[in-house]
Amino acid sequence: MRCGIVVFPGSNCDHDVYHVWKHVLGEDATFLWHDDTHLQDSELVVLPGGFSYGDYLRAGAMAAQSPIMAAVKRHADAGGLVLGVCNGFQILCEAGLLPGLLMRNEGLRFLSRDVYLRVERDDLPYTHRLRRGQVLRMPIAHGDGLYFDRADKLDALEKNGQVVFRYSSPDGKVDAANDEWNPNGSQRSIAGIANRAGNVMALMPHPERCAEALAGNEDGAELWRSVAESAVTSGRRRAGSAR
Amino acid sequence: MTAVLDQPQVDVALAKQQGLTAEEYEQLVEVLGRTPSYTELGIAAALWSEHCSYKSSKVYLKELPTDGPYVLQGPGENAGVVDIGLGWVAVFKMESHNHPSYIAPYQGAATGVGGILRDVFTMGARPIAVMDSLSFGSLDAPRMRQLVDGVVRGVGDYGNCVGIPNVGGETRFHPCYDGNILVNAFALGVARRDAIHKARAAGPGNPILYVGSRTGRDGIHGATMASEAFSEESAHKLPTVQVGDPFAEKVLLEATLQALKSGAVVAVQDMGAAGLTSSSFEMAARGGTGMELDLDRVPLREKGLGPFEIMLSESQERMLFVARRGMEDELVRIFHRWDLEVADIGRVSSTGRAEVRFHGEVVADLPIASITDEAPVYRRPVREPRDLIVRQRPPAVPPPDDLAGTLRRLLDTPDLGSKEWITRQYDSTVRTNTVLGPGGDAAVLQLKGTPLGIALTCDVNPVYCALDPCMGAMQAVAEAVRNLACVGAEPVGLTDCLNFGNPENPEISWQFRESIRGIAKACRALEVPVISGNVSLYNETAGQSIHPTPAIAMVGIIPDIRQLPASWFTTAGDRVILLGDDRREHGGSAYLRLLHGVEQGRPPAVDLDAETKLAELLRLLVFEQWLHTAHDVSEGGLAVTLAEACFGRGLGAELEVSLDPAQLFSETQARAVIAVPSKHVKAVLQTAEDFGVSARDAGKVGGGKLQVKLSGGKLAADVEELRQVWATALPRALGL
């Protein structure tokens, strides 16, 4: 599957996603420039982590206005796959492709550590190789990761099954008040969500940082493999795309 | 030369205000054959400051071995370069940002990271890791908790935003830093061997391009400030601290690496200390050329800056490029793609002079070589400290009565407690090269596409250095080699950050001379060249000097990183083997200092032959994949080493050793603890014997307790209980 990785000024996990997609999975990857207006036949668009535009206005706010984002929206509206990681999650919220927003971590400090994630959906293009209730270990590295929305919106999010990952204990217990398990204070321990159609998904932890044995943790690899295989199962692959 | 309006009259009094001595001012007048203009005085004062000229340290720095089979570039460039094999090179350097960080901790520390990153990527290398060596005062000292918080946030926010993992370093707390903290930042980059660029301005007629952030008033005279002792007035020097913009740095990094690949760049240098002055003068000096600069074309942040300020501003995230004539458009295109401002501000000339114009007038016309190469050099008087003999007297070593309690109290200090409160604020895994992050003996990064690993460590024990600067410096080098050996890495080079007090004090100059002697001796014996470094003098406040702190950052190469030992116990049933012998050395130990308030005696003697043998043995054992665990014995002695090894997985150990209780806290060097699967024990012991390293099978890994049977006592402690104390010691000491 051809994966387009958007490079905003200040993106810094772009190479990491490229490495996993191209060298670990052996799939086709390309970089997309923030100023461009087309996606070069990408079937999967990834908005990588980093500090786009320094996150100076508000995390993701300026990147959400980039020329490429109009093309990303069209792609998403047409059912195309869009994955946001960390800063990518913040950008997708700012762009209105996902609900809610990411606020400053509860402890008001940047957090770089491993967390545990409970899988809540295993029927998405991103998660079909995972099992519901399965617990993954993944690194986080962010200052603005507290997922926030109005209570009624959160209720709707849960009702629609849009919560894909929750921060948890190593054995899958969820407790939003426990700052060891829910390190940034996210509401309802939400770590990753999808849109209603399930083609747009984002999470704060970094699956691209735990996809190789040398990293000491391969828990993120199945997420990438899920996406890579999803086009085959869903038949959504576009004519003329690479590979 | 005509005088520009409202420029002050230059005389010796003004020269003194700018940091020159009367003799240096006379020398300047002699070089020029006339009275310098105000701008010329500012330029010369900056270039002749201690920070830029190394005038008090130069005579000693020459003693350091800088050559080796792998060295491609030693000191003198923006950063050193070593060959690491398979067509790759490593580029690294460490630099201090002490004074700015004491005045404005967040910005001072942040811009320290920014500056060292630019030193690395201007060489054409992509930065892949940073580390920092932080020395704070006692946490009860005024402002100290805010300083810790500010520095950690500054280091973190800058590196996190640029996207370079912070993989290690060290943090210490000692009252000698109460009035003068140290922030030393290290950066490592990698490049293909043929992609390295040097900062030599060549080719008269080549355009000089200014790239990056605009020039403002911040940081004017930063270099001069860094060359003075602190006084009450220093607090008013806030405008001399620069403000960092990591986003601008990230963009500059990507654009610079792209520009260097284009073939359109002749030379590039970061506008660091002394800004436009040092970058232009140093590039021209290395190239043996001259420069014409038109300051009217320098992009300014605000109106009203004069030539003096423009030449000396230390605004951050700015680069000076020498472009290949005719290809400048290619560079401009690259910079504009990254939304960076570019200005053509002059030409390389063949005159050997720096001709600087402002409003059409020549405001400076200086012979570059005379100013840079003939900067003053001092061999300052040295004197062994009068109280040294008293401080070196053998200390009384009170025997520990309650061993578990003693160990717990040591682990309950910010010094020996976990530093995770700090490292959790630094992104250590971005770029996905990190194989071993912070917290072990050495950090390890993979070099993607190769089997190679790059190992990094940073070490110094200032308490040892204060008691015997030569031995202390040797110890820092030896410990770095040992830390690298614990992950199987062979050292390829080191960079040093030499932090000392006022060199005009003969006792400080003695400390400096002795430290250099120690580094040089250890480097020769252990075959590690010094490829770059930095000297920071005048680290004192109100006459109170810091301990000599020659921080050593060392880089090593691991031939194959598939299976590395951890620095903690991983597998119950493994045999615990002690390498090296204890010699009851408590001088300068953590045990005496932290628990008994005594900083006395000679520091542990460094046996360079024993260190060489131990390092060679460890490297072989790791290469053979016989080890699950390797952890070096350092501060706190065997007791603390064993405790740390238990914490990683919460696995205890049961040992029996023929040591008395106090020896558990002795800090004899050239020792390590390894854990070996039973099937390899015989081979390991035999190999150790072959290498001439004493090795003892002392017990096994397992259970939830650390138990050590001694001659005349027993240590028995619950690992989880100790771990809790250790893990929370620092945040508790910070009052969090």
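A.B. asks: Looking at this structure, I do not really get the overall build of chain B. What am I missing?
C.D. replies: Assigned secondary structure in chain B consists of 25 helices and 28 strands. Rg of the C-alpha trace for chain B: 26 Å, near the compact-globule value of 27 Å for 736 residues, within the 12% margin. Its C-alpha atoms give chain B principal-axis dimensions of roughly 85 × 55 × 45 Å. Going through the 736 residues of chain B one by one, you find that 63% of them count as buried. Considering only intrachain contacts with a sequence separation of at least 6, the fraction spanning at least 24 residues in chain B is 85%.

A.B. asks: Teacher, can you tell me more about the environment of Thr171 of chain B here?
C.D. replies: All names here are of chain B. Along the polypeptide, Thr171 turns up in strand E5 (residues 166-173). Along the sequence, Thr171 and Asp132 sit 39 residues apart, while their C-alpha atoms lie 8.1 Å from each other. Non-local contacts of Thr171, meaning those with residues more than four positions away in its chain, are made with Leu134, Lys419 and Ile422.

A.B. asks: What's the story with the nonpolar core in this structure? I'm lost.
C.D. replies: When a protein is soluble and globular, its nonpolar side chains tend to lie buried together. Ala90, Val444, Val477 and Val487 of chain B are the most contacted members of the largest nonpolar core, which totals 332 residues. Once you skip the residues sitting within four places of it in the chain, Val487 of chain B turns out to touch Leu436, Asp441, Ala442, Val444, Ala455, Ile558, Leu564 and Val622 of chain B.

A.B. asks: Hey, could you run me through the sheet that holds strand E26 (residues 695-701) of chain B in this one?
C.D. replies: Working definition: the strands of a sheet are paired by backbone hydrogen bonds and lie parallel or antiparallel to each other. Residues and elements named next belong to chain B. The strand order E23-E25-E22-E26-E24-E27-E28 describes an open sheet built from 7 strands, whose pairing is mixed. Sheet topology places strand E23 (629-632) and strand E28 (713-718) at the edges, where each strand pairs with a single neighbour. For this sheet, the mean inter-axis angle between neighbouring strands, taken without regard to orientation, is 20°. When strand E27 (residues 705-710) meets E28, the two strands line up antiparallel, connected through 6 bridges. Across the sheet, residue Leu710 finds its bridge partner in E28, namely Gly713.

A.B. asks: Could you clarify how one ought to interpret the sheet that holds strand E16 (residues 453-459) of chain B in this entry?
C.D. replies: Residues and elements named next belong to chain B. An order of E14-E15-E16-E21-E17-E18 is seen for the 6 strands of this open sheet, with the pairing classed as mixed. Across the chains shown, the open sheet's two edge strands, defined by having one partner strand only, are strand E14 (434-436) and strand E18 (530-536). Across this sheet, the average inter-strand angle for adjacent strands is 20°, counted without regard to direction. Looking at chain direction, E16 and strand E21 (residues 549-558) are connected through 7 bridges and run antiparallel.

A.B. asks: Help me understand the packing of helix H16 (residues 403-411) of chain B against helix H25 (residues 719-733) of chain B, please; the structure alone is not making it clear to me.
C.D. replies: Two packed helices can be described by the angle between their axes and the distance between those axes. Residues and elements named next belong to chain B. Packing of H16 against H25 leaves a shortest axis separation of 8 Å and a crossing angle of 25°. Viewed along their axes, H16 and H25 adopt a mutual orientation that is roughly parallel. Residues Leu407, Arg408 and Leu411 of H16 touch H25, and the partners they reach there are Leu722, Val725, Trp726 and Ala729. Within the contact of H16 with H25, the residues separate by chemical class into 6 nonpolar, no polar and 1 charged.

A.B. asks: I'm lost on unusual backbone geometry in this one. Help?
C.D. replies: Residue and element names in this part refer to chain B. Phi is positive for Glu317, which is not a glycine, with a value near 55°. If you trace the backbone, Glu317 turns up in the loop between helix H12 (307-312) and strand E10 (318-323). Positioned with a positive phi, Tyr538 is a non-glycine residue whose angle comes to about 60°. One can find Tyr538 in the loop between E18 and strand E19 (540-541).

A.B. asks: Can you help me understand the interface of chain B and chain A in this one?
C.D. replies: Size of an interface, as often reported, equals the accessible area lost when the parts are brought together. Opposite the 23 residues of chain B that make contact, chain A presents 23 residues. For the side of chain B that touches chain A, the secondary-structure elements that each account for two or more residues are helix H8 (144-162) and helix H10 (246-261) of chain B. When residues in the side of chain B that touches chain A are grouped by element, the largest group, 4 residues, is from H10 of chain B. Its residues assigned to classes, the side of chain B that touches chain A shows 9 nonpolar, 8 polar and 6 charged.

A.B. asks: Just to check I follow, could you spell out the confidence of the model for chain B for this structure?
C.D. replies: Interpreting fine coordinate detail is not advised for predicted regions of low pLDDT. Predicted confidence across chain B gives a mean pLDDT of 95, with 97% of residues reaching 70 or more. Model confidence for the complex: the whole-complex pTM is 0.95, and ipTM, which rates the interface, is 0.94.

A.B. asks: Would you mind showing me how to read the environment of Ala61 of chain A here?
C.D. replies: Residues and elements named next belong to chain A. On the secondary structure map, Ala61 appears in the loop between strand E3 (44-47) and helix H2 (67-77). C-beta crowding within 10 Å serves as the criterion here: with 18 such atoms nearby, Ala61 is assigned to the partly exposed category. Taking C-alpha positions, Ala61 is 8.8 Å from Cys93, a pair spaced 32 residues apart along the chain.

A.B. asks: Whenever I open this one, H25 of chain B confuses me. Can you help?
C.D. replies: Helical periodicity: at 3.6 residues per turn, an α-helix aligns residues three or four positions apart in one direction. Residue and element names in this part refer to chain B. Counted at 1.5 Å a residue, the expected span for H25 with its 15 residues is 21 Å, and the 21 Å between its end C-alpha atoms agrees. Maximum bend of H25: about 30°, positioned at Ala727, with proline Pro731 one to four residues after it. Against H16, helix H17 (420-423), helix H23 (637-647), E27 and E28 lie the buried residues of H25. Within two residues after H25, Gly735 carries a phi angle of roughly 80°, on the positive side.

The rules behind the values
Residues numbered from 1 in each chain as written. Chains lettered and ligands numbered in written order. Predicted model: local features only at pLDDT ≥ 70, side-chain atom pairs only at ≥ 80, totals over all residues. Helix = DSSP H or I, 4+ residues; strand = E, 2+ residues; numbered from the N terminus. Rg over C-alpha atoms; globule rule 2.2 N^0.38 Å. Buried ≥ 20, exposed ≤ 12 C-beta atoms within 10 Å, placed from the backbone. Contact = placed C-beta atoms within 7 Å. Core = buried A, V, L, I, M, F, W, Y, C linked by C-beta atoms within 7 Å. Pairing = 2+ DSSP bridges. Axes fitted to C-alpha atoms, helices over the stretch in contact; angles between N-to-C directions. Parallel < 35°, antiparallel > 145°, perpendicular 65-115°, else oblique. Nonpolar A, V, L, I, M, F, W, Y, C, P; charged D, E, K, R; others polar. pLDDT = per-residue confidence, 0-100. Expected span 1.5 Å × (residues − 1). Bend = angle between axes of the 7 residues up to and from the residue.

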